[in-house]
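# Residue-level structural notes
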Amino acid sequence: MKVSPTSLRAHARSDEGRKQLRYAAVSIVFVPLGQVLIQLFGALVFKTELPDGTTDVNWVAASIASAAVLTVPNFFANKYLVWKNTSRDNLHTQVIVFWVAAMLGVGLATLLTYLVDVAIEGHGIWEKVAVFFAQLTGFGIVWLARYFILDRWLFKVTHDGEEPSEEELEMMHGDLPV
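Residues numbered from 1 in each chain as written. Predicted model: local features only at pLDDT ≥ 70, side-chain atom pairs only at ≥ 80, totals over all residues. Heavy atoms only, no water.

### Regarding the layout of surface pockets
What the second largest pocket holds in volume is close to 420 Å³. F30, V31, N74, F139 and R146 are, among the 24 residues lining the second largest pocket, the residues nearest its centre. Among the elements of the structure, α2 (15–45), α3 (59–82), α4 (91–120) and α5 (125–154) are those that each provide at least two residues to the lining of the second largest pocket. Looking at the lining of the second largest pocket residue by residue, the classes come out as 13 nonpolar, 10 polar and 1 charged. (1 Å grid on protein atoms, 1.4 Å probe; cavity = no way out; pocket = protein on both sides within 12 Å on 5 of 7 lines; lining within 4 Å. Points joined across faces, edges and corners; volume = space filled by probe spheres on them. Helix = DSSP H or I, 4+ residues; strand = E, 2+ residues; numbered from the N terminus. Nonpolar A, V, L, I, M, F, W, Y, C, P; charged D, E, K, R; others polar.)

Written out as structure tokens, the structure is:
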């Protein structure tokens, strides 16, 4: 694969490139929202005053709460804006698969957050910065995998703008065991 400014511009103008740019744009909105929610939940909801006068923040709970709030809007942003899928066919399956992918991201990000929290607990701003980077790393890894899951299975387009036949629908629905 040749990587040059010309080839990157050509790719960005292709259907696949525009879809990838839309996916990145949705993420540019939801990643900061998630990070802000994690910090807010940490500061306002999951902060505990300890008997010795210090405070403890449950970053794991803040991470899970943030994901719980943002998963459904993120699903619909991806479905409608990235893949331009407006049909209600298989909505239940799509939501479940997206939720599982989101929970994998939450799981990895939360594991990394827990490891950071244990390693540098009580270090003020550095703890918050480390939590931020742990979250970005965990969600970033799953972000890439989720694109391929959504693109190859969940929202795949196989019928060039025409309505698929019953046989094609059966084949597409058979791809996911949900």
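### Comments concerning the environment of T54
Residue position: T54 is located in the loop between β1 (47–49) and β2 (55–57). For T54 and G122, which are 68 residues apart along the polypeptide, the C-alpha to C-alpha distance reads 8.5 Å. Residues contacting T54, with those up to four places away along its chain left out, are T48 and E49. Of note is the side chain of T54, whose polar atom sits 2.6 Å from the side chain of D52. (Contact = heavy atoms within 4.5 Å. Polar contact = N/O pair within 3.5 Å; in protein donor to acceptor, adjacent residues only side chain to side chain.)

### Remarks on the packing of helix α1 (residues 5–13) against α2
Following both chains from N to C, one finds α1 and α2 inclined at 85°, their axes separated by 4 Å at the closest point. Taken together, the axis directions place α1 and α2 in an arrangement best described as roughly perpendicular. Across the interface between the two elements, H11, A12 and R13 from α1 touch D15, E16, G17, R18, Q20 and L21 from α2. For the contact of α1 with α2, a count of residues per class yields 2 nonpolar, 3 polar and 4 charged. (Axes fitted to C-alpha atoms, helices over the stretch in contact; angles between N-to-C directions. Parallel < 35°, antiparallel > 145°, perpendicular 65-115°, else oblique.)

### A look at the nonpolar core
Residues Y23, W59, W83 and L150 are the most contacted members of the largest nonpolar core, which totals 24 residues. Residue contributions to this core peak at 7 residues, all from α3. Dropping the residues within four chain positions of it, W83 is found in contact with K19, Y23, N78, Y147, L150, D151 and F155. (Core = buried A, V, L, I, M, F, W, Y, C linked by side-chain atoms within 4.5 Å. Buried < 20%, exposed > 50% of the residue type's maximum accessible area, 1.4 Å probe, protein only.)

### Some words on the side chain of Q135
For Q135, the position within the fold is in helix α5. Relative accessible area serves as the criterion here: at 1%, Q135 is assigned to the buried category.

### What about the packing of α2 against α3?
Where α2 meets α3, the axes come as close as 9 Å, and the angle between the chain directions of the two elements is 155°. Relative to α3, the element α2 lies roughly antiparallel. Handedness of the α2/α3 crossing: right-handed. Considered class by class, the residues forming the contact of α2 with α3 number 16 nonpolar, 7 polar and 2 charged. (Left-handed = near helix turned anticlockwise from the far one by under 90°.)

### Some points on the confidence of the model for the protein chain
Summary statistics for the protein chain give a mean pLDDT of 81 and a share of 86% for residues scoring 70 or more. For the protein chain, per-element mean pLDDT is lowest for helix α6 (residues 166–173), which scores 58, and highest for β1, which scores 92. (pLDDT = per-residue confidence, 0-100.)

### A closer look at the pattern of salt bridges
As enumerated under the stated definition, the model contains 2 salt bridges in all. D15 is paired through a salt bridge with R18; the nearest N and O atoms lie 2.5 Å apart. Taken together, the positions of D15 and R18, both in helix α2 and 3 residues apart, correspond to about one turn of that helix. The salt bridge partner of K19 is E16, with a shortest N-O separation of 3.2 Å. With K19 and E16 both in helix α2, this residue pair falls 3 residues apart, about one helical turn. (Salt bridge = Lys/Arg side-chain N within 4 Å of Asp/Glu carboxyl O.)

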